[in-house]
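The chain contents come next:
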Amino acid sequence: MSDFEGLTAIVTGGASGIGAATVAELQRRGARVAIIDRAASTDAETPMVRADLGSADEVQAAVEQIARDFGGIDVLINNAGIGAAGDVTANDDAEWHRVLDINVVGTARVTRAALPWLRRSSASSIVNTASVTATNGLPNRALYSASKGAVIAMTYAMAADHLADGIRVNAIAPGTADTPWVKRIVDSADDAEVAAENLRRRQPLGRLVSAAELAFAIANLASPLAGSTTGTVLTVDGGLSTLRVG
Ligand SMILES: NC(=O)c1ccc[n+]([C@@H]2O[C@H](COP(=O)([O-])OP(=O)(O)OC[C@H]3O[C@@H](n4cnc5c(N)ncnc54)[C@H](O)[C@@H]3O)[C@@H](O)[C@H]2O)c1
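Now for a look at the structure at hand. (Residues numbered from 1 in each chain as written. Predicted model: local features only at pLDDT ≥ 70, side-chain atom pairs only at ≥ 80, totals over all residues.)

### Considerations on the overall build of the protein chain
And then number 1: Looking only at helices and strands, the protein chain has seven helices and nine strands in total.
And then number 2: Principal axes of the C-alpha set define a box for the protein chain whose edges measure 50 × 40 × 35 Å.
And then number 3: Looking at the protein chain residue by residue over its 246 residues, the buried ones come to 44%.
And then number 4: Sequence separation of 24 or more characterises 72% of the internal contacts of the protein chain that already satisfy a separation of 6 or more. (Helix = DSSP H or I, 4+ residues; strand = E, 2+ residues; numbered from the N terminus. Buried ≥ 20, exposed ≤ 12 C-beta atoms within 10 Å, placed from the backbone. Contact = placed C-beta atoms within 7 Å.)

Encoded structure:
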């Protein structure tokens, strides 16, 4: 497919996991892609600007630099995010503010900086990365779920606000995906093998979602071929949200 030929894209969190897979998928389909991430990327081919989504100044400078280098921005993938474990008592106020600041305000910061360029594009689109935790009560994810619920709510509001600008806004809601993030969670468990098996068993499909499968879904939402798709949350979770097969 070459549906992104001639288009430019920014992927936040593109140095790892779902973001890195999305960079590769968009490039495969013809896009010029730049990464914004606070961590270094092993992908030496893709232009990257190091920035922390917690800093409005860093985000603004990163988006401006990419827009100048590329001559515009057509597609924004708001994918970077951080996790938090525990019930509603488990995190102190500072941690609540930190996670909401990156996952929710960070998404707003990047979007705010990119909007002037997205408005000038005739094929502009934003995809936000939410999570199935937003709409399924999974244990020990109170803060993280709240942040991703806000991402979904913000996606609908953004889609309405920017309809007149011609900017489509959608979100993806992944189930548990096979990325370095989940590997970190599994490795920190008392018994990593049991933890991995529990995660797999929670998936009706019996395995984790792959980063490539999520990248494919993100690219399909962002594609100019999806011109009528806006204000949509696409769940890609191996059936976790809707299937009862056990
Ligand atoms: N892996 C899963 O099971 C899963 C499930 C549902 C949703 N998600 C969401 O998918 C997205 C990507 O997750 P992943 O599994 O690929 O994780 P990952 O940890 O492999 O990658 C996340 C990337 O985001 C970057 N990042 C984090 N905080 C940042 C900040 N403040 N500024 C700039 N960059 C920052 C990291 O450096 C990293 O490169 C996240 O928003 C996550 O909440 C993941």
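### Some remarks on the pairing of strand E4 (residues 75–78)
And then number 1: Burial of the side chains of E4 extends over both faces: Val75 and Ile77 are buried on one face and Leu76 and Asn78 on the other.
And then number 2: Bridge analysis of strand E1 (residues 8–12) against E4 gives three bridges, and the strand direction is parallel. Each bridged residue has a counterpart across the sheet, and for Val11 the counterpart in E4 is Ile77.
And then number 3: With four bridges connecting them, E4 and strand E5 (residues 125–129) associate as parallel partners. Residue pairing in the sheet places Leu76 in a bridge with Ile126 of E5. (Pairing = 2+ DSSP bridges.)

### So, the sheet that holds E5
And then number 1: Pairing in this open sheet of seven strands is parallel, and the strands run E3-E2-E1-E4-E5-E6-E9 from one edge to the other. With one partner strand each, in any of the chains shown, strand E3 (48–50) and strand E9 (233–236) form the two edges of the open sheet. Taking the axes of each pair of neighbouring strands and ignoring which way they run, one obtains an average angle of 15° across the sheet.
And then number 2: Helix H4 (residues 142–161) rests against E5, strand E6 (168–174) and E9 of the sheet, and its axis sits at about 160° to E6.
And then number 3: Each of E4, E5, E6 and E9 touches helix H7 (residues 211–222); the most contacted strand, E6, lies at about 165° to it. (Axes fitted to C-alpha atoms, helices over the stretch in contact; angles between N-to-C directions.)

### A look at the site of the ligand
And then number 1: Gly13, Gly17, Gly81, Thr179 and Trp181 are the nearest of the 27 residues found near the ligand.
And then number 2: Elements that contribute at least two residues to the shell around the ligand include exactly helix H1 (17–28), helix H3 (93–120) and helix H5 (180–187).
And then number 3: Of the residues assigned to the shell around the ligand, the class counts are twelve nonpolar, twelve polar and three charged. (Near = placed C-beta within 6 Å. Nonpolar A, V, L, I, M, F, W, Y, C, P; charged D, E, K, R; others polar.)

### Some thoughts on the nonpolar core
And then number 1: Counting 63 residues, the largest nonpolar core has Ile10, Ala114, Leu214 and Ile218 as its most contacted members.
And then number 2: By residue number, the principal contributor to this core is H7, which donates eight residues. (Core = buried A, V, L, I, M, F, W, Y, C linked by C-beta atoms within 7 Å.)

### Quick look at the pairing of strand E2 (residues 32–37)
And then number 1: Summarising burial for E2: five of the six residues are buried, a large majority.
And then number 2: Relative to E2, E1 runs parallel, the two being bridged by five bridges. The residue bridging Val11 from the neighbouring strand is Ile35, located in E2.
And then number 3: Handedness of the E1-H1-E2 crossover: right-handed.
And then number 4: Here three bridges tie E2 to E3, and the two strands are oriented parallel to one another. Bridge pairing in E3 links Ile35 to Met48. (Right-handed = clockwise from strand over helix to strand, strands pointing away.)

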